[in-house]
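# Descriptive analysis of the structure
Residue-level listing of the chains:
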Amino acid sequence: MELLSQMWSLLGLLTILQNILPSQLLSLLHSMWQSLQDSVTPYSYFDVPEFLGSSAVEPNDLYRHVHLYLHQSLLSSAAASVSAPPRLTLSLPRGSAAAPSLSLSPNQSLEDSFAGHRLLWTHQADTLQDSLEERRSFSLRLPKRAAAALLGTYLSHLSDKADHLERSSRPRRLYTNSPRGGPPSWSSVPFRHPATFATLALDPPVKTSLLADLDAFAAGREFYRRTGRAWKRGYLLHGPPGSGKSSLIAAIANHLRYDVYDLELTRVSHNSDLRSLLIQTSNRSVIVIEDIDCSLDLTGDRRGTAKSSAAALAASRKRAARKRPQPSISNDSSDSEDETCGNSNDGRVTLSGLLNFIDGLWSCCGEERVIVFTTNYAEAVDPALLRPGRMDVHVRLGACGAHAMRELVERYVGVTEHDMLRVAESCIRAGAEMTPAEVGEVLLRHREEPEAAVRKMVAELQARVGSSGSSGGGGGEEEEEEGSAAWSWEESPEKARGRKRRAGWERRVRFLRRLRSLTKSDSESRGV
């Protein structure tokens, strides 16, 4: 009882001194007390404030990393039935469908272990004098003898874990560029596409190779820094309509947990607008240009074989010479002059501008970006867009192979074994072609009757055995040019013989289409 009375007397004395002594002297006494404690304690302490500087304007990224890391540690402790701090904070953002998140409440601590040492995190919250504002920080306690060797590696480990958690849990967005007439900008909606690599009907070698390439890219920060390459990767997806190009893009975005920017080139007025849109994209994003061969007239015949193209180029140069009497230097960053279809930016997006977008100096203004082009006809895309460094990987998506067909049947109607499936495989080997979209539609239409669904699909394949050469679906593309350094993964290799039989006919059709297009262009240039 006497001891308790003495403690109350001491507390009263301290209160009186706090009211009498000047604040500067109190601060000095507090600092001296802290120094005395630090000299005798076996630990080192490191503070991680929420904001940098005294103005509390610039957020501290390390504080955010610690918050995420401790959130994961709390979840792991709960899952392992390990005792957690007595007081935790639950939070749930408005409109979120996720579970409430856990975080340390103010003045609560959580232990961690690393490299055989015990560490302690404490969440501190102090209310500023004469203000309702609260300053939050985390305090890390380390063993003093190991602090110098432990701090750097531990913080690197913490940041990597937090980075992975942030990537896997953050909500993702689907962006599209604004129409012409206003400043170039992006608008977005939540990205919730259900396609994943588990739901795609891809041949196993293609799926395995693509997943390995994506994983290597996502984990390649140090590799790209060491080699001096921009941290980006280009994919060309080509194949007939309905072969699954858009679904594959969604699966790539879902696998990497990236945002998606769907770039509509017809909405972009100038090369400078294209560059502005690129600057506004975020890191960890997939930039998509679908139907690149149809978006704009970007394919240039640079071999000089078309008379009308040569005449149009000469006329363009004459007009440019009258407008610009002084010679100027193009700002094109492509490797050689013959890779562009003209460098003038006369109110439109040019091939030169698009090359700068995907492979020029401005393409390095962000990190961890995947650029995807899609087309129904790879040969219609200018070769300058397709070389390695721009489109690094070429993935051909064609008609369903035997494995993809069986996958779709199992997924849609739950049938894994059926005599008619072997008949379907025979039809595919004989050259019958149906895209994944066509197979899916037949199965979807009869999904309540699995037997009928399989028979309808087989009947459709049988009807296409004799007419696959003129059906227009399934892999009319030519093989990649000999000596191409870009990776090219073919879908459904068992149909290679059928493609070779059709190659001669399709080359003649494409030649006639090209000739008709050139004749039309020549007539228009003459004013006919």
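Residues numbered from 1 in each chain as written. Predicted model: local features only at pLDDT ≥ 70, side-chain atom pairs only at ≥ 80, totals over all residues. Heavy atoms only, no water.

### Topic: the nonpolar core
Threshold: Put simply, a nonpolar core is a bunch of buried Ala, Val, Leu, Ile, Met, Phe, Trp, Tyr and Cys residues held in one set by side-chain atoms that sit within 4.5 Å of each other. A 1.4 Å probe rolled over the protein chains alone gives each residue an accessible area, and that area as a share of the maximum for its type sets the label: buried under 20%, exposed over 50%, partly exposed in between. Every helix listed is a DSSP run of H or I at least four residues long, and every strand listed is a run of E at least two residues long, numbered separately from the N terminus. The contact definition used throughout considers only heavy atoms, calling two residues in contact when any of these lie within 4.5 Å.
Ranked by internal contacts, the top residues of the largest apolar core, which has 30 residues, are Phe197, Tyr235, Leu248, Val286, Val370 and Val372. Looking at this core, the elements that each hand over two or more residues are α5 (204–218), β11 (232–238), α7 (245–256), β13 (285–289), β14 (369–375) and β15 (393–396). With seven residues, the single largest contributor to this core is α7. Not counting the four nearest positions on each side in its chain, Tyr235 is found in contact with Leu210, Asp213, Leu214, Val370, Ile371, Val372, Phe373, Met391 and Val393.

### Comments concerning the packing of helix α13 (residues 419–429) against helix α15 (residues 450–464)
This is how the line gets drawn: Each axis is a line fitted through C-alpha atoms, taken for helices only over the stretch in contact, and angles between the N-to-C directions span 0 to 180 degrees. In this scheme, roughly parallel covers angles under 35 degrees and roughly antiparallel covers those over 145, while 65 to 115 is roughly perpendicular and the rest are oblique. Each helix crossing is assigned a hand: it is left-handed if the near helix lies turned anticlockwise from the far helix by less than a right angle, otherwise right-handed if that turn is clockwise. Polar here means any residue other than Ala, Val, Leu, Ile, Met, Phe, Trp, Tyr, Cys and Pro, which are nonpolar, and Asp, Glu, Lys and Arg, which are charged; Gly is therefore polar.
One can describe the packing of α13 onto α15 by two numbers: an axis separation of 9 Å at closest approach and a directional angle of 20°. Looking at the two axes, α13 sits roughly parallel to α15. Handedness of the crossing formed by α13 with α15: left-handed. Judged by residue contacts, Met420, Leu421, Val423, Ala424, Cys427 and Ile428 of α13 engage Val454, Arg455, Met457, Val458, Leu461 and Gln462 from α15. By residue class, the composition of the contact of α13 with α15 is ten nonpolar, one polar and one charged.

### Things to note about the pairing of β13
Note the cut-off: In this description, strands pair whenever DSSP reports at least two bridges between them. Here, the term right-handed applies to a crossover whose path from the first strand over the helix to the second runs clockwise when the strands point away from the viewer.
In terms of residue burial, β13 counts as a mostly covered element, since five of its five residues are buried. Neither face of β13 is exposed, since Ser285, Ile287 and Ile289 on one face and Val286 and Val288 on the opposite face are all buried. Relative to β13, strand β12 (residues 259–262) is paired through four bridges, and the arrangement is parallel. Pairing of Tyr261 across the sheet is with Ile287, part of β13. The parallel pair β12 and β13 is bridged by helix α8 (residues 271–280), and the resulting crossover is right-handed. The pairing of β13 with β14 spans five bridges and is parallel. Along β14, the bridge assignment pairs Ser285 with Arg369.

### Concerning the sheet that holds strand β6 (residues 108–114)
Strand order in the open sheet formed by four strands is β1-β8-β7-β6, with antiparallel pairing between adjacent strands. Strand pairing shows two members of the sheet lacking a second neighbour, β1 (43–49) and β6, which therefore form its edges. When the angles between neighbouring strand axes are averaged without regard to direction, this sheet yields 25°. Here β1 runs beside strand β8 (residues 134–143); their pairing, made up of seven bridges, is antiparallel. Paired with Val48 across the bridge in β8 is Phe138. Helix-sheet contacts for helix α4 (residues 147–169) involve β1, β6, β7 (117–127) and β8, and the interaxial angle to β8 is about 125°.

### Here's the deal with α7
For clarity, the cut-off: What a helix should span is 1.5 Å times the count of its residues minus one.
If you check α7, its first and last C-alpha atoms are 17 Å apart, about what twelve residues at 1.5 Å a residue would give, namely 16 Å. Counting buried residues in α7 gives nine out of twelve residues, a clear majority hidden from the surface. Within α7, burial applies to Lys245, Leu248, Ile249, Ala250, Ala251, Ile252, Ala253, Asn254 and Leu256. Positive phi shows up at Arg257, right after α7, with a value of about 65°.

### Observations regarding the environment of Glu425
For Glu425, the position within the fold is in helix α13. C-alpha separation for the pair Glu425 and Gly401, spaced 24 residues apart in sequence, amounts to 8.1 Å. Residue contacts for Glu425: discarding those within four places in its chain leaves Ala402, Met405 and Arg406.

### Quick word on the packing of aromatic side chains
To keep it simple, the criterion reads: Here a pair means two rings of Phe, Tyr or Trp (six-membered ring of Trp) with centres within 6.5 Å. Their orientation is stacked below 30 degrees between planes, edge-to-face above 60, and tilted elsewhere. Either the NZ atom of lysine or the CZ atom of arginine qualifies as a charge over a ring when it sits within 6 Å of the ring centre and within 35 degrees of the ring normal.
Tallying each qualifying case throughout the model produces eleven aromatic pairs. A centroid spacing of 5.9 Å and a plane angle of 80° characterise the contact between Phe217 and Tyr224, whose relative ring orientation is edge-to-face. The burial state of Phe217 is the same as that of Tyr224; both residues are buried. A network of ring pairs unites the aromatic residues Tyr63, Tyr69, Phe114, Trp121, Phe138 and Tyr154 as a single cluster. Above the ring of Tyr43, the side-chain terminus of Arg141 is found at 4.0 Å from the ring centroid.

### Looking at α15
The test is simple: Throughout, the arc means that of the directions going from the helix axis to the C-beta atoms.
Relative to the 21 Å expected for 15 residues at 1.5 Å per residue, α15 spans 22 Å between its end C-alpha atoms, a close match to the ideal helical length. Taken together, the buried positions of α15 are occupied by Ala453, Val454, Met457, Val458, Leu461 and Arg464. An end-on view of α15 places all buried positions within 130° of arc, on one side of the element.

### Some points on unusual backbone geometry
The residue Ala115 is not glycine, and still its phi comes out positive at about 55°. Summarising the element assignment, Ala115 is placed in the loop between β6 and β7. The phi torsion at Asp291 lies on the positive side, around 50°, for a residue other than glycine. Secondary-structure assignment places Asp291 in the loop between β13 and α9 (292–295). Here Asp291 falls in the partly exposed class, since its relative accessible area comes to 33%.

Such coordinate-based values are descriptive only and should not be taken to indicate function.
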